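Coordinate analysis (summary)
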Amino acid sequence: MTTYESMLAGYGNIEGSALMNAEQEVCQKIALAGLHRGGFFDHAAFYGGTCLRLFHGLPRFSEDMDFSLIEKRDDIHLENYFDAIREEFHIAGFDVTITKKEKKAFGKVESAFLKENTEAYDIKFQAKRTVKVKIELDTDPPLLFNTEQKILKLPYSFMVRCFTLPDLYAGKMHALVYRAWQRRVKGRDWYDFEWYVRYNVPLDFKHLQERIREFSGIEVSLEEFMSKLREKLAGTNIDNVKQEVIPFIDESHLRTLDIWSNDYFLQLVDMIKIQ
């Protein structure tokens, strides 16, 4: 049994979307291991929903891997670490191709895709499905954030530099309010917001202000942000919010969505703790 197969077996007897989510999560862990071996975390930190999932037990799966340099510089690029990532996947039992894509919509963000080579992919998948993990590195990041070292135990024990919870929270709130999706809603943003409130995580508003300033080009006060947040939570179709997040939640957790309503989320706003 390869390392990849062994890690996947740890999720138990699953199928359908649960299996697809588990396959992707195993690939995320292997990618992190490769980045670690390559020394990536000397210069960058992990943030976003996948970071919250892997290191803080967020009970939903997450697709993308988001990274930020810890200081502004122009000599650190994802391409520098592709060989280390490929080698880690090879050790785990299969090969990947890494294709860099230019995505103007992401502005200053570099994007790359880790695509499993179907020819070398585990034969049990019958070469019908490609596991794809998108990784993004912000090479000119908003700063004023703190990081910490977190342990990942598979495929081996190693440390990953991560944003602290208050700064992960700030990134999520920026996405929730300012995400420029024209006709879609990302229910995962709402799910994560509820998680932060439930566990009394303080929101680092200074980092949130810095993110809004650099990505959205505006200055906002706490009162202005809270007003815009309430407007977003009140004016979004809650059924669309639920439908978007359902594929990323285990069936045993679906009942947690029963309480969701616009009023429920508006009440959560009053429970936000500011750091």
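All values reported here derive from a predicted model rather than from experimental measurement. (Residues numbered from 1 in each chain as written. Predicted model: local features only at pLDDT ≥ 70, side-chain atom pairs only at ≥ 80, totals over all residues. Heavy atoms only, no water.)

Considerations on the environment of I14
Stated formally: Secondary structure elements are taken from DSSP: a helix is a run of H or I of four residues or more, a strand is a run of E of two residues or more, and numbering for both begins at the N terminus. Throughout this description, buried means an accessible area under 20% of the type-specific maximum (1.4 Å probe, protein chains only), exposed means over 50%, and partly exposed covers the range between. Here, two residues are considered to be in contact whenever any of their heavy atoms come within 4.5 Å of each other.
Tracing the chain through its elements places I14 in the loop between helix 1 (3–9) and helix 2 (16–37). By relative accessible area, which is 26% here, I14 ends up partly exposed. Setting aside residues no more than four positions away along its own chain, I14 makes contact with L19 and A22.

Considerations on helix 4 (residues 82–92)
Rule in force here: The directions considered for the arc run from the helix axis to the C-beta atoms.
Looking only at helix 4, the buried set comprises F82, I85, E88, F89 and A92. Take helix 4 and look down its axis: the buried residues cluster within an arc of 125°, on one side only. G93, located one to two residues past helix 4, shows a positive phi value of around 125°.

Some details on the pattern of salt bridges
What counts is decided by this rule: Any carboxyl oxygen of Asp or Glu within 4 Å of a side-chain nitrogen of Lys or Arg constitutes a salt bridge here.
Under the criterion given, the structure shown has 19 salt bridges. Between E63 and R188 there is a salt bridge whose closest N-O contact spans 3.0 Å. Here E63 is found in the loop between helix 3 (49–56) and strand 2 (65–69), whereas its partner R188 is found in helix 6 (residues 187–198), with 125 residues between them in sequence. Among the residues examined, E63 registers a relative accessible area of 31% and is labelled partly exposed. The class for R188 is buried, based on a relative accessible area of 5%. The closest approach of N and O atoms between K72 and E214, which form a salt bridge, is 3.2 Å.

Quick notes on the packing of aromatic side chains
Note the cut-off: Classification of ring pairs uses Phe, Tyr and Trp, with its six-membered ring standing for Trp, and accepts pairs whose centres are within 6.5 Å; under 30 degrees between planes counts as stacked, over 60 as edge-to-face, and the remaining range as tilted. The criterion is that NZ of a Lys, or CZ of an Arg, lies within 6 Å of the ring centre and within 35 degrees of the ring normal, and then a charge sits over that ring.
Inspection of every chain in the model, using the stated rule, returns 18 aromatic pairs. Measuring from ring centre to ring centre gives 5.4 Å for W195 and Y196, while their planes differ by 85°; the resulting arrangement is edge-to-face. Considered together, W195 and Y196 belong to a single accessibility category, that of buried residues. Through a chain of ring-to-ring contacts, three or more aromatic side chains come together here, namely F40, F41, F46, F55, F67 and Y81. Geometry around Y156 places R37 over its ring, the cationic atom sitting 4.1 Å from the centre. Over the ring of F61 we find R53, and its NZ or CZ is 4.1 Å from the ring centre.

The analysis is restricted to geometry; functional conclusions fall outside its scope.
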